[in-house]
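Structural characterization, general
For reference, the chains in residue letters:
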Number of protein chains: 2
Amino acid sequence: MGITQTHLFTDAQNELANVAKALAHPARIAIIQYLIKTNTCINGDLVQELGLAQATISQHLRELKEIDIIQGTIEGTKVNYCINPEKWNSIKSLFLGLFDQFNSNNSSTCC
Amino acid sequence: MGITQTHLFTDAQNELANVAKALAHPARIAIIQYLIKTNTCINGDLVQELGLAQATISQHLRELKEIDIIQGTIEGTKVNYCINPEKWNSIKSLFLGLFDQFNSNNSSTCC
DNA sequence: TTTATTCATCGTAATATTGCAATATATTAT
DNA sequence: ATAATATATTGCAATATTACGATGAATAAA
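Described below are features of the structure shown in this document. (Residues numbered from 1 in each chain as written. Chains lettered and ligands numbered in written order. Predicted model: local features only at pLDDT ≥ 70, side-chain atom pairs only at ≥ 80, totals over all residues.)

Here we come to the overall build of chain A. Counting its regular elements, chain A contains five helices and two strands. Ordered by position in the sequence, the α and β elements of chain A form the string α-α-α-α-β-β-α. In terms of overall dimensions, chain A has C-alpha extents of about 60 × 35 × 25 Å along its principal axes. The buried share among the 111 residues of chain A stands at 29%. (Helix = DSSP H or I, 4+ residues; strand = E, 2+ residues; numbered from the N terminus. Buried ≥ 20, exposed ≤ 12 C-beta atoms within 10 Å, placed from the backbone.)

Here we take up the relation of the copies chain A and chain B. Between the two copies of the chain lies a rotation about an axis combined with a shift along it. Overlaying chain A on chain B yields an RMSD of 0.0 Å, the required transformation being a rotation through 180 degrees with an accompanying axial translation of 0.0 Å. Within this description, the copies of the chain are treated as partners about a two-fold rotation axis. The position closest to the rotation axis in chain A is occupied by the C-alpha of Ala20(A), lying 2.5 Å away. Comparing contact sets, 100% of the residues at the interface of chain A also lie at the interface in chain B, consistent with an isologous, same-surface contact. (Least-squares fit on C-alpha atoms with pLDDT ≥ 70 in both. Contact = placed C-beta atoms within 7 Å.)

Around DNA strand C, a shell composed of 30 residues is seen, among which Gly2(A), Ala55(A), Gly2(B), Ile42(B) and Gly44(B) lie nearest. The element that contributes the greatest number of residues to the surface near DNA strand C is helix 4 (residues 54-66) of chain B, accounting for six residues. Its residues assigned to classes, the surface near DNA strand C comprises eleven nonpolar, 16 polar and three charged. (Near = placed C-beta within 6 Å. Nonpolar A, V, L, I, M, F, W, Y, C, P; charged D, E, K, R; others polar.)

A pair of packed helices is characterised by two quantities: the angle between their axes and the separation of those axes. Residue and element names in this part refer to chain B. Their axes nearest at 11 Å, the elements helix 2 (residues 26-38) and helix 3 (residues 43-50) cross at an angle of 120 degrees. Judged by the twist between their axes, the crossing of helix 2 over helix 3 is right-handed. Residues Ala27, Ala30, Ile31 and Tyr34 of helix 2 form the contact with helix 3, whose participating residues are Leu46, Glu49 and Leu50. Split by residue class, the contact of helix 2 with helix 3 holds six nonpolar, no polar and one charged. (Axes fitted to C-alpha atoms, helices over the stretch in contact; angles between N-to-C directions. Left-handed = near helix turned anticlockwise from the far one by under 90°.)

Close to DNA strand D lie 31 residues; Gly2(A), Ile42(A), Gly44(A), Ala55(A) and Gly2(B) are nearest. Counting residues per element, the surface near DNA strand D draws most heavily on helix 4 (residues 54-66) of chain A, at six residues. A per-class count over the surface near DNA strand D returns twelve nonpolar, 16 polar and three charged.

Spelled out as structure tokens, the structure:
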């Protein structure tokens, strides 16, 4: 019926899926990489850089802010965005936790 | 207008977003983790394990197969699914490549 | 050949996402 | 107070995703 049955899964599975969803758009990857490169930037910079409309960039920023991987601080009429280092590391650990569950040396017993 | 503007982004950005999208559902995370635990399983096992309909599981398996993170080998009426170790490692590297772009020691210059 | 088993695909309904114009809000400059 | 600047929000259309029943295809067992 079109609605994800989150109750069937663990909190960890739902959280990992949620973070993956936030990364599941090239504009949001591009925003993150631009933030890494420039350390901080404003909405308008991203409109210039990516070529999407202001409203669209704002929406993508909101989704990234929602999982707390970026943060924004108001400065006059502008909002400076940057990576949230603590959350960045915790999300990194979340993915490493998944990737390290599989031992590729075991590949002999694969199908 | 509702269609992702992939032409605005690099191949690497589109690919990373694509892989993230495949991981962006708790059922697919659960399938991957079950495959890691059991090494190999069939569609029916996952129907039992996850409590989603057979057609739904089949669809999720297809999406995982599409990015090649799992593979299926036919055995009679059954299909044995397992992790693709090579692709697993390349996807792991893809994410590490993103996560290592950000140096969290630099957090002093954050916004 | 008939029946059972297993899985993929099709069709459909419900819901979510993407993108943008228009508008609202809030601060700064004149 | 007015105008300019920067961003968020709203509303809408197009598209994508999620979920499942029903059906089809392919193999195995009777």
